[in-house]
Amino acid sequence: MSIEASATFTVMEPETMRRMFAGELGPDRDFFIYSRHFNPTVLNLSRLMAALEGTEAAYCTASGMSAIAAVLLQLCSHGGHVVASRALYGGTHALLAHFLPRTCGMSTTFVEVSDLDMVEAAIVEGKTKVLYFESVSNPTLSVANIPELCRVAHRKGVTVVVDNTFAPMVLSPARLGADVVVHSISKFISGGADIIAGAVCGPASLVNSMMDLQQGAIMLLGPTMNAKVAFELSERIPHLGLRMKEHSQRALVFARRLKSLGLKVIYPGLEEHPHHELLKSMHNREYGYGGLLCIDMETEERANRLMNQLQNYAQFGFMAVSLGYYETLMSCSGSSTSSELSSEEKALAGISPGLVRMSVGYIGTLEQKWSQLEKALTRLHNKN
């Protein structure tokens, strides 16, 4: 694959430019105008993302949040209504609860997506445009019943948008009925914690509408991915499957061992997780149950003591936001990535003040990392 870093593209005939701007010629026939519109290298990565999610088309953006915002702005008009999960990444929650109402007059009803009757009751036929949820919620690791939620939404003519950032390869929302799948590529897909990027995967009609010169959210708002970044990411997708298997395998082993030590562990791969059977019925089995687990330490002070021991004494991982890195990353969600939610909203979303979200890495051997984890837990216990 080559890098097409050019911002603008030459035409050989004057008439070609008029035809491109009129929409008669486009990237499907290798005609390109300008890299805020389609770029050949970004389009190549986008085709890989469409293949990954099993959608007709996709396009990549400069961040996960820009992908989410662009989709919502494309699907909803001024005064539009969204039904969304209560358990969402803090940035998405802030976008829906505060930014879009202020700037676009859009409103959102937040629901418990495991309660299908509540979801159905919140949908206002003719007004609700989007049902939005995460396949596996950030940070509580609740699993959405994608097929049933899609049935409820589609009965009422509502478009289903699923954020699959926590479960690439593990879940395929489009194959389970979702219309649109969004990603923060910055996480597992990148895997290097060195790139900010996003993707919108869905029907070609949606992707093309988002690139429309008059009405397209990606074209007109301009969250453009750099072609050099697209090339870099396209080199990482071939080994995403291998990485996800290892993230998932280690998360499962650690979750089982931590539970046996008496810690309160949340991991959908554990049989006692309330959505274990649901995930088992939907997931692509060879990729396991995902690379994230949570330890509920009940108070923020206890959570911070645990993370301090894990990073600064045992060198088990890093206190940092984000996920999907080859090193283990840990954060206390309530005071970091979910801090945009009020105390009441956190309680409704099931986010305990002491919830430690852990993105399990794969560096070193499993047993080496477990011995570091045990060392930190032993010291923590002795200090109590």
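Only a predicted model underlies this, so the values are computations on that prediction, with no experimental measurement involved.

Novice: Help me understand the UniProt feature "modified residue: N6-(pyridoxal phosphate)lysine" (unreviewed entry) in the protein chain in this model?
Specialist: Per the UniProt record, "modified residue: N6-(pyridoxal phosphate)lysine" (unreviewed entry) is found at Lys187. By secondary structure assignment, the location of Lys187 is in the loop between strand E6 (180-184) and strand E7 (198-202). Once residues lying within four places of it in the same chain are set aside, the contact partners of Lys187 are Thr165, Ser322, Leu323 and Gly324.

Novice: Would you explain the sheet that holds strand E5 (residues 159-163) in this entry?
Specialist: Sheets are built from strands that pair by backbone hydrogen bonding, the pairs being arranged parallel or antiparallel. Pairing is mixed in the open sheet, where 7 strands are placed in the order E1-E7-E6-E5-E4-E2-E3. Across the chains shown, the open sheet's two edge strands, defined by having one partner strand only, are strand E1 (57-61) and strand E3 (107-111). Along the sheet, successive strands turn relative to each other by an average axial angle of 20 degrees, direction set aside. Looking at chain direction, strand E2 (residues 81-85) and E3 are connected through 5 bridges and run parallel. Residue pairing across strands places Val83 opposite Thr109, the latter belonging to E3. Relative to the sheet, helix H4 (residues 90-104) contacts E2, E3 and strand E4 (128-134), its axis offset from that of E3 by approximately 130 degrees. Strands in contact with helix H6 (residues 146-155) are E4 and E5; relative to E4, the strand with the most contacts, it is inclined by about 170 degrees.

Rules behind the numbers
- Residues numbered from 1 in each chain as written.
- Predicted model: local features only at pLDDT ≥ 70, side-chain atom pairs only at ≥ 80, totals over all residues.
- Heavy atoms only, no water.
- UniProt positions renumbered as here; feature names shortened; annotations may be inferred.
- Helix = DSSP H or I, 4+ residues; strand = E, 2+ residues; numbered from the N terminus.
- Contact = heavy atoms within 4.5 Å.
- Pairing = 2+ DSSP bridges.
- Axes fitted to C-alpha atoms, helices over the stretch in contact; angles between N-to-C directions.

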